[in-house]
Amino acid sequence: MKTQVAIIGGGPSGLLLSQLLHTRGISSVVLERKTKDYVLGRIRAGVLERGLVSLMEEAGCADRMHAEGFIHDGTLLSYGDELFRVDFAEHTGATVMVYGQTEVTRDLYAAREASGGQIEFEVENVVIHDTKTDTPFVTYDVAGDARRIDCDFIAGCDGFHGVSRKTLPEDVRQEYEKVYPFGWLGVLSETPPVNDELIYANSPRGFALCSMRNANLSRYYIQCPTSDRPEDWSDDAFWAELKRRIPADQAAKLVTGPSIEKSIAPLRSFVTEPMQWGRLFLCGDAAHIVPPTGAKGLNTAASDVHYLYNALLEYYETGSEAGVNGYSAKALKRVWKAERFSWWFSSLMHRYPDQTEFDYKIQVAELEFLRSNRAAQQAMAENYVGLPY
Ligand code: APR
Ligand code: PHB
């Protein structure tokens, strides 16, 4: 098989890139190791930066997002019973879209299928070849049948556990990592959200987050030890702990209900450099991971896709290789700013096992500074709505 761009990974990165390329007549094939239902079964964050909203519009996949998503022009932060708001619109003129990543992925699959996109599911043994030549190719198996795709470029959109990052020679790859000493226990419940906006809560007992998917589907998280398992937490225990971590007036109106999904996610910051090797380009979780505080995972994958899409467009439309040769350096500049914000917000809002009372007082002082200082609020708001591409 021959295509212009072979894309490994049928998550949001790979699908968004494939659909954008399609809109400009550039062919691609997406190779996904799981089934579509498995991919759509993943529960992920649900806050889209303005850049990703624009990319979905450019890809022709934004109708349902605009119909069912919620525009948020601010967020709430709490410490103990104190609660304050950061107004994104006031400080940046921008807003965010609250719309589940699962729905983004669903819309992208629908668009690829409607336009006859080539997606191969349940692929195995994907191997990337000859990326340092102008005739790279990918080999893989489907149902025991050996396949090969000859292409001009390969996009490694196969997430943290994929093969693409590991294709870069070990002596070339520089990896940076920070593992956080806690996880997030997340619950999905068919209950109305406790508030119209998200609440990021710092409490002496640990972090909590009140989020939502729609008017009757809420998403809540509490910080938990990395040793915890979802089955260690009954619904009652979860709701009781969540109520202890958010302001009393919010806890008093929290509507609880049975969890329809319960999972624990570990938290890490991770970046690999470079994000390309010859004609192999890494996008999204294949190249970097952030703690979910601030929902920068999908949104940073989106900026990678934006840079790679425009670089490929430049190549095919003008023959210039400047964009493709400069992809890694350009993407990494924004990746590190997203890493910084996610680390900063995580450090501000979570209780660390070795944290002293002094450390906690410093967190509270920073939250009070953020509450009272316009410059601090503007800095946070600009990062939250999404730094420019
Ligand atoms: N071959 C083919 N597909 C693979 C392989 C492989 N060897 N390894 C992994 N995959 C697939 C996975 O099954 C997954 O569907 O690649 C896809 C990668 O998708 P994500 O992990 O979602 O990563 P990405 O598309 O970059 O999206 C980043 O999604 O998972 C969240 O937290 C993440 O918000 C971030 C966003
Ligand atoms: C979510 O709704 O799942 C969510 C929202 C914001 C975050 C993380 C997760 O920072």
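As a reminder, the structure under discussion sits directly above these lines.
In this text, all values refer to a predicted model and were calculated from it rather than measured experimentally. (Residues numbered from 1 in each chain as written. Chains lettered and ligands numbered in written order. Predicted model: local features only at pLDDT ≥ 70, side-chain atom pairs only at ≥ 80, totals over all residues. Heavy atoms only, no water.)

Engineer: With reference to specific residues and values, describe the pattern of salt bridges.
Structural biologist: Inspection of the entire model under this criterion finds 28 salt bridges. Two residues, Asp-145 and Arg-147, come together in a salt bridge whose shortest N-O distance is 2.7 Å. For Asp-145, a relative accessible area of 37% translates into the label partly exposed. One continuous salt-bridge network, built from bridges that share partners, spans Arg-64, Glu-68, Glu-103, Arg-106 and Asp-107. (Salt bridge = Lys/Arg side-chain N within 4 Å of Asp/Glu carboxyl O. Buried < 20%, exposed > 50% of the residue type's maximum accessible area, 1.4 Å probe, protein only.)

Engineer: Lay out the environment of Glu-57 in plain terms, naming residues and giving numbers.
Structural biologist: Of note, Glu-57 is situated in helix H3 (residues 50-58). Taking relative accessible area as the criterion, Glu-57 reaches 40% and is therefore assigned partly exposed. Not counting chain neighbours up to four residues away, the residues in contact with Glu-57 comprise Ala-62 and His-66. Side chain to side chain, Glu-57 and His-66 meet in a polar contact 2.7 Å long. (Helix = DSSP H or I, 4+ residues; strand = E, 2+ residues; numbered from the N terminus. Contact = heavy atoms within 4.5 Å. Polar contact = N/O pair within 3.5 Å; in protein donor to acceptor, adjacent residues only side chain to side chain.)

Engineer: Can you explain the side chain of Thr-300? Please cite residues and give values.
Structural biologist: Mapped onto the elements of the fold, Thr-300 is located in helix H10 (residues 297-318). By relative accessible area, Thr-300 is classed as buried at 2%. Here the side chain of Thr-300 touches Lys-296 through a polar contact of 2.5 Å, landing on its backbone oxygen. Apart from residues lying up to four places away in sequence, Thr-300 is in contact with His-288, Arg-334, Val-335 and Ala-338.

Engineer: Could you give an account of the site of ligand 2, with specific residues and numbers?
Structural biologist: In the vicinity of ligand 2 there are 16 residues, among which Tyr-200, Ser-211, Arg-213, Tyr-221 and Pro-292 approach most closely. Side-chain polar atom of Tyr-200 to an oxygen atom of ligand 2: 2.9 Å apart, as the coordinates give it. Contact between ligand 2 and Ala-295: an oxygen atom at 3.2 Å from a main-chain N or O atom of the residue. Its free accessible area being 280 Å², ligand 2 has 99% of it covered by the protein chains. It is strand S15 (residues 208-214) that provides the largest number of residues to the shell around ligand 2, a total of three residues. By residue class, the composition of the shell around ligand 2 is nine nonpolar, four polar and three charged. (Near = heavy atom within 4 Å. Areas by Shrake-Rupley, 256 points an atom, 1.4 Å probe, with all protein chains shown as cover. Nonpolar A, V, L, I, M, F, W, Y, C, P; charged D, E, K, R; others polar.)

Engineer: Give a description of the site of ligand 1 that names residues and reports values.
Structural biologist: Not every one of the 24 residues close to ligand 1 is listed here, only the nearest: Ser-13, Glu-32, Arg-42, Arg-44 and Gln-101. Relative to its unbound accessible area of 700 Å², ligand 1 is 90% covered by the protein chains. For the shell around ligand 1, the per-class residue count stands at nine nonpolar, eight polar and seven charged.

Don't take any of this as a statement about function, it's just geometry.
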